[in-house]
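The lines below spell out each chain.
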Amino acid sequence: MTSFSPWLAGHLEMLKLWIGMFCTLGLFSILYRENKVYRFFEHLFLGISMGYLIVNTFTDNILPKFWEPFWEKGEWWLIFPIFVGLFYYFIFSQKFAWLARLVIAFFLGITSGRAFKAYVNDYWPQIPSSFKPVVPHDAFTAADGTQIAELTRGGAINNVIFMVILLCVMSYFFFSFEQKHPVLKNTAKWGRWLLMFAFGAIFGSTIMGRLALLIDRVTFLLKGFGGGAIHKDYGPWIMFAIMAFLTGMVLYLTRKNAAKEEAQ
Amino acid sequence: MNILRFLQEVDRRVLYALMLLVIAFPVLVPIPLPMKVSPATQSLYDSIEGLKENDFVLFGVSWGAGTRGESRSQTYALMRHLMRKKVRFALLAFEPQAKVLNQKIAEELQKEYGYVEGVNWVNFGYQIDQENFLQGFGKDIVGTIKKDIEGNPIGSLKVMEGVQTAKDIKFLIDVTGSRSFEVYITFLQQPFNIPMGGGLTAVMAPEAYNRLDSRQMVGLLGGLSGSAEYEKLLGKTGEATGASTSSAFAHLLIIAFILLGNVAMFLEKRQRQRMGYGEK
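Note that this is a predicted model, so its numbers are computed, not measured.

A word on the pairing of strand 3 (residues 121-126) of chain B. Residues and elements named next belong to chain B. Counting buried residues along strand 3, six of its six residues qualify, which places the element largely inside the surrounding structure. As paired elements, strand 2 (residues 88-93) and strand 3 share four bridges and run parallel to each other. Pairing of F89 across the sheet is with W121, part of strand 3. In this fold, the crossover linking strand 2 to strand 3 by way of helix 5 (residues 98-113) has right-handed handedness.

What follows is the structure in structure tokens.
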């Protein structure tokens, strides 16, 4: 593209900054209200992402792993998985639907095996790590030669809290029978509360994540665009002033609309 | 409008406007805040610090534009540390945009540390179907990847010398905004017993902490604050350090409005009771 137009080659970085700025502000316009500018940029982003996915899947996967070996190196046997994949379409034929079922059964088997492997490798190691010592002790060497670190009084209290929370939360998930016994009833009730605390913490973390994305875009508008496309030193401050003006406009319009609604 | 009523019915656009200003100001005027490094970050730093020169690290980078605000600074910090330690690394992406985004970061940092693509690092590019891919990758790295993103055969690159299977990987990192870290644990970390660290978005991090307890992961960076802590350990102020001030101010604003809204609600309730026409 740059060899096609020398002008483009010289202004590519600047163009990127301007496009980035318009895309960012266009997407931010949803913060005021639903509008067509936002919809346009949203669809643009989705379309580009999808196009990018298709091209990269071809260039990084299909091209080196199938296309080149098949056509250039003569690895003709690579055609067989494609035929096997095409068997899926026999699902539309009453006579040959059994062929589709063969492929489906094959992939169900693979997926089940993988799910089992995932369960064993990902979750099982977490079970023994949930059993924690609750009595303080000095560092020592176990019978099998493993070095066991010292457990302080504070560490032991921490482990007790962990065990109590774990048992309470687990008791909440006993759904096979009615939780009538006062011990089980109360621990399950506490388990529910403790789960709520955890969800609250996760939600707080989610807010932090979303803010990070906003900060990234604001930094781009101020330093990236302001410093790159307007002026190296004053550009960020000029962008800050523009953003403050736009924000003021939004607040003015909000207030005006609210006053109009109140009058009606 | 009564101030108590106003505080309970603040238009969301007013909050957005204030949020924008509160975030923008620290970007322009850096305000350093004290920071405490969490054990999870410290542990990841110590593990990478323990690597020897020329060790081979697999650097999973499955993030795209959607989580750039968090994942980019994590990638910068971790890659900088790897280059300081003079270890070899390979970038591997299961997200199409990650291929180019991380290539740019590596190209930018390599100038600073004298790294050369193909000699000290390589980009394996974007791969599909992580589960199936990693099963084959663990047993035969060169045969599974075949070519890097420049089109060079993997086996001919100097960076891959002595690296045949996952057993030759000394450390595994996954910076991600998805659940790819779980698949790494299942198909690479556990079967080959590779020490693993992660850089996760703040949304994902709480779900990964139990993997620290079980030592499936030796450490992790949680969101923007994780990268800021890592920058502190590296002694190199980057974009995350400044952004964490904006983040702190934005949180204070949210907390202030939650408190003000609730206080206003209780005060108004009391006022109505005192005047004799409110609920008791």
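Still more to cover.
Residue and element names in this part refer to chain B. If you look at the biggest cluster of nonpolar residues, it comprises 36 residues, and the most contacted ones within it are L58, F124, L134, F137 and M160. Taken together, the elements giving at least two residues each to this core come down to strand 1 (56-62), strand 2, strand 3, helix 6 (130-139), helix 7 (141-145), helix 8 (180-192), strand 5 (196-200) and helix 9 (205-213). In terms of residue count, helix 8 provides more of this core than any other element does, six residues in total. Setting aside residues up to four positions removed in sequence, M160 forms contacts with F56, R88, V122, F124, I141 and I154. Among the nonpolar cores identified, the runner-up in size contains 31 residues, and W63, V87, F89 and I105 belong to it.

Before going further, it helps to examine the layout of surface pockets. Counted as a void, the second largest pocket has a volume near 1,400 Å³. Q126(A), F162(A), L166(A), Y209(B) and N210(B) are, among the 34 residues lining the second largest pocket, the residues nearest its centre. Every element with two or more residues in the lining of the second largest pocket is listed here: helix 5 (153-172) and helix 6 (182-230) of chain A together with helix 3 (39-49) and helix 9 of chain B. Considering each element in turn, the lining of the second largest pocket owes the most residues, 10 residues, to helix 5 of chain A. In terms of residue class, the lining of the second largest pocket is made up of 23 nonpolar, seven polar and four charged.

For the pair helix 4 (residues 97-123) of chain A and helix 8 of chain B, interaxial distance at closest approach is 9 Å and the crossing angle is 75°. In this view, helix 4 of chain A runs roughly perpendicular relative to helix 8 of chain B, as classed from their interaxial angle. Contacts between helix 4 of chain A and helix 8 of chain B involve R114(A), K117(A), A118(A), N121(A) and D122(A) from the first element and E182(B), I185(B), T186(B), F187(B), Q190(B) and P191(B) from the second.

Residue and element names in this part refer to chain B. Across its 12 residues, helix 10 (residues 223-234) extends 17 Å between first and last C-alpha, which sits within 8% of the 16 Å expected from 1.5 Å per residue. With nine of 12 residues buried, helix 10 lies mostly within the body of the structure. Burial in helix 10 covers these residues: G223, L224, G226, S227, A228, E229, Y230, E231 and L234. Two residues or fewer after helix 10 comes G235, characterised by a positive phi angle close to 70°.

Attention shifts here to the domain arrangement of chain B. Domain annotation of chain B identifies domain 1 (3-29 + 244-274) and domain 2 (39-236). A straight line from the C-alpha centre of domain 1 of chain B to that of domain 2 of chain B covers 40 Å.

Below, the discussion takes up the side chain of Q103(B). All names here are of chain B. By the element assignment, Q103 lies in helix 5. In this structure Q103 comes out as buried when scored by relative accessible area, which is 6%. Among the polar contacts listed, one links the side chain of Q103 to the side chain of E150, at a separation of 3.4 Å. Excluding residues that lie within four positions of it along the chain, Q103 makes contacts with A98, E117, W121, N123, I149 and E150.

The accessible area lost on association of the parts is a frequent measure of interface size. Contacts between the two partners involve 62 residues from chain B, matched on the other side by 54 residues from chain A. Buried surface at the junction of chain B and chain A, summed over both partners, amounts to about 4,900 Å²; 64% is from carbon and sulfur atoms. E131(B) serves as the salt-bridge partner of R114(A), at 2.6 Å between the closest nitrogen and oxygen. Broken down by element, the residue count for the side of chain B that touches chain A peaks at 13 residues, all from helix 2 (residues 12-28) of chain B. By residue class, the composition of the side of chain B that touches chain A is 30 nonpolar, 19 polar and 13 charged.

Along an α-helix, residues three or four positions apart point the same way, because every turn accommodates 3.6 residues. Residues and elements named next belong to chain B. For helix 8, built from 13 residues, the straight-helix expectation of 18 Å at 1.5 Å per residue is met to within 8% by its first-to-last C-alpha distance of 17 Å. The sharpest bend along helix 8 comes to roughly 35°, located at T186. For helix 8, the tally of buried residues reaches 10 of 13 residues, placing the bulk of the element in the interior. Taken together, the buried positions of helix 8 are occupied by S180, F181, E182, V183, Y184, I185, T186, F187, L188 and Q189. With its phi angle positive at about 55°, N193 sits one or two positions after the end of helix 8.

Our next topic: the environment of K132(A). Structurally, K132(A) is set in the loop between helix 4 and strand 1 (140-141). Here the alpha-carbon distance between K132(A) and N257(A), two residues 125 residues apart in the chain, equals 60 Å. Apart from residues lying up to four places away in sequence, K132(A) is in contact with N159(A), F162(A), M163(A) and D213(B). Only 3.4 Å separates the side chain of K132(A) from the backbone oxygen of S129(A), close enough to count as a polar contact. Within the structure, K132(A) has its side chain in polar contact with the side chain of D213(B) (distance 2.7 Å).

The final tally for this structure, using the stated rule, is 25 aromatic pairs over all chains. Relative to F89(B), the ring of F59(B) has its centre 6.2 Å away and its plane inclined at 65°; by these criteria the two rings are edge-to-face. With a gap of 30 residues between them, F59(B) in strand 1 and F89(B) in strand 2 connect regions that are remote in the sequence. In this pair, the class of F59(B) matches that of F89(B), namely buried. The lysine or arginine in question, K132(A), covers the ring of F162(A), its NZ or CZ lying 4.8 Å from the ring centre.

Here we come to the sheet that holds strand 3 of chain B. Residues and elements named next belong to chain B. Taken in spatial order, the six strands of this open sheet run 3-2-1-4-5-6, and their pairing is parallel. Strand pairing shows two members of the sheet lacking a second neighbour, strand 3 and strand 6 (219-222), which therefore form its edges. Pairs of neighbouring strands in the sheet enclose a mean axial angle of 15°, with direction left out of account.

Thresholds, definitions, all that
Residues numbered from 1 in each chain as written. Chains lettered and ligands numbered in written order. Predicted model: local features only at pLDDT ≥ 70, side-chain atom pairs only at ≥ 80, totals over all residues. Heavy atoms only, no water. Buried < 20%, exposed > 50% of the residue type's maximum accessible area, 1.4 Å probe, protein only. Helix = DSSP H or I, 4+ residues; strand = E, 2+ residues; numbered from the N terminus. Pairing = 2+ DSSP bridges. Right-handed = clockwise from strand over helix to strand, strands pointing away. Core = buried A, V, L, I, M, F, W, Y, C linked by side-chain atoms within 4.5 Å. Contact = heavy atoms within 4.5 Å. 1 Å grid on protein atoms, 1.4 Å probe; cavity = no way out; pocket = protein on both sides within 12 Å on 5 of 7 lines; lining within 4 Å. Points joined across faces, edges and corners; volume = space filled by probe spheres on them. Nonpolar A, V, L, I, M, F, W, Y, C, P; charged D, E, K, R; others polar. Axes fitted to C-alpha atoms, helices over the stretch in contact; angles between N-to-C directions. Parallel < 35°, antiparallel > 145°, perpendicular 65-115°, else oblique. Expected span 1.5 Å × (residues − 1). Domains from an automatic or database assignment. Polar contact = N/O pair within 3.5 Å; in protein donor to acceptor, adjacent residues only side chain to side chain. Buried area = accessible area lost by both parts, 1.4 Å probe. Salt bridge = Lys/Arg side-chain N within 4 Å of Asp/Glu carboxyl O. Bend = angle between axes of the 7 residues up to and from the residue. Phe/Tyr/Trp six-rings, centres within 6.5 Å; stacked < 30°, edge-to-face > 60°. Lys NZ or Arg CZ within 6 Å of the ring centre and 35° of its normal.

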